[in-house]
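Here is what each chain is made of, one letter per residue.
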Amino acid sequence: MSIDLQKLIAEARAARDYGAFMQVVPYFRFLGLTVREGEGGPVCVLPADPKLVGNAQLPALHGGVVGALLESAAIVHLIWAADTDSIPKIIDLSVDYLRSARPVETYARAVVTKHGRRIANVRAEAWQDDPERPVAAAHAHFLLD
């Protein structure tokens with residue numbers, strides 16, 4: 001069965017319903033990501049899940065999972081903020097790990113710092129209890145179709 005991803009994105013954006021889109025992307029589904037509407041746009045929610053723990057002694061989320069959450073938040077924000085129905089392609093991603101991320105529900109949101117015709121620059125932050133105390137931040141560049 002072939003899924004028309006562009007049509008799905010357009011329908012999801014029109015309905016402000018992220019659920020169907022999040023279930024189509026296998027990596028989003030593996031992480032258990034969901035999206036809710038927040039101030040200034042979508043907020044990605046990473047559930048507390050033992051399979052996402054990287055250091056069981058602390059315990060703490062795996063750094064790759066935190067980076068994936070930040071990249072996902074940037075992609076979701078770009079899709080919902082852009083006038084296109086295609087998925088942006090990552091050029092590079094730089095993550096700053098600010099503190100250990102406990103294995104609890106974790107949130108991330110993004111903001112587009114520059115949106116050109118072909119390239120977009122995005123900043124994303126992840127937090128757990130308090131958005132003013134991020135656990136990680138990222139800068140990413142995306143190629144737009």
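Residues numbered from 1 in each chain as written. Predicted model: local features only at pLDDT ≥ 70, side-chain atom pairs only at ≥ 80, totals over all residues. Heavy atoms only, no water.

Visitor: In this structure, what is going on with the pairing of strand β1 (residues 34-38)? I would like to understand it.
Guide: Within a regular strand, the side chains alternate between the two sheet faces. In this sheet, strand β2 (residues 41-46) lies alongside β1 in antiparallel orientation, the contact comprising 5 bridges. Within β2, the position partnered with Glu37 by the bridge is Pro42. Adjacent in sequence and paired antiparallel, β1 and β2 are bridged by 2 residues, among which Gly40 carries a positive phi angle near 85 degrees. (Pairing = 2+ DSSP bridges. Helix = DSSP H or I, 4+ residues; strand = E, 2+ residues; numbered from the N terminus.)

Visitor: Any chance you could explain the packing of aromatic side chains here in plain terms?
Guide: In this structure the tally under the stated criterion is 5 aromatic pairs. Relative to Phe30, the ring of Tyr27 has its centre 6.4 Å away and its plane inclined at 15 degrees; by these criteria the two rings are stacked. Of this pair, Tyr27 and Phe30 both sit in helix α3 (residues 26-31), 3 residues apart, which is roughly one turn of the helix. In this structure Tyr27 comes out as partly exposed when scored by relative accessible area, which is 44%. (Phe/Tyr/Trp six-rings, centres within 6.5 Å; stacked < 30°, edge-to-face > 60°. Buried < 20%, exposed > 50% of the residue type's maximum accessible area, 1.4 Å probe, protein only.)

Visitor: Whenever I open this one, the side chain of Ser72 confuses me. Can you help?
Guide: For Ser72, the location among the structural elements is in helix α4 (residues 63-81). Side-chain polar atoms of Ser72 contact the backbone oxygen of Ala68, separated by 2.7 Å. Beyond its immediate stretch of four places on either side in the chain, Ser72 contacts Phe28, Leu33 and Cys44. (Polar contact = N/O pair within 3.5 Å; in protein donor to acceptor, adjacent residues only side chain to side chain. Contact = heavy atoms within 4.5 Å.)

Visitor: Sorry, what's going on with the sheet that holds β2 here?
Guide: The strands that make up a sheet are held in pairs by hydrogen bonds between backbone atoms, and each pair lies either parallel or antiparallel. Reading across the sheet, the 6 strands line up as β1-β2-β6-β7-β8-β5 and stay open at both edges, with antiparallel pairing between neighbours. Each edge of the sheet is formed by a strand with only one pairing partner; in this case those strands are β1 and β5 (89-97). Shown here is a sheet whose adjacent strand axes are inclined to one another by a mean of 25 degrees, direction ignored. Across the sheet, α4 lies against β1, β2, β5, β6 (106-115), β7 (119-127) and β8 (136-143), angled at about 50 degrees from β6, the strand it touches most. (Axes fitted to C-alpha atoms, helices over the stretch in contact; angles between N-to-C directions.)

Visitor: Help me understand the pairing of β8 in this model?
Guide: The pairing of β5 with β8 spans 8 bridges and is antiparallel. Pairing of Tyr97 across the sheet is with Ala136, part of β8. In this sheet, β8 lies alongside β7 in antiparallel orientation, the contact comprising 8 bridges. Bridge pairing in β8 links Ala120 to Phe142.

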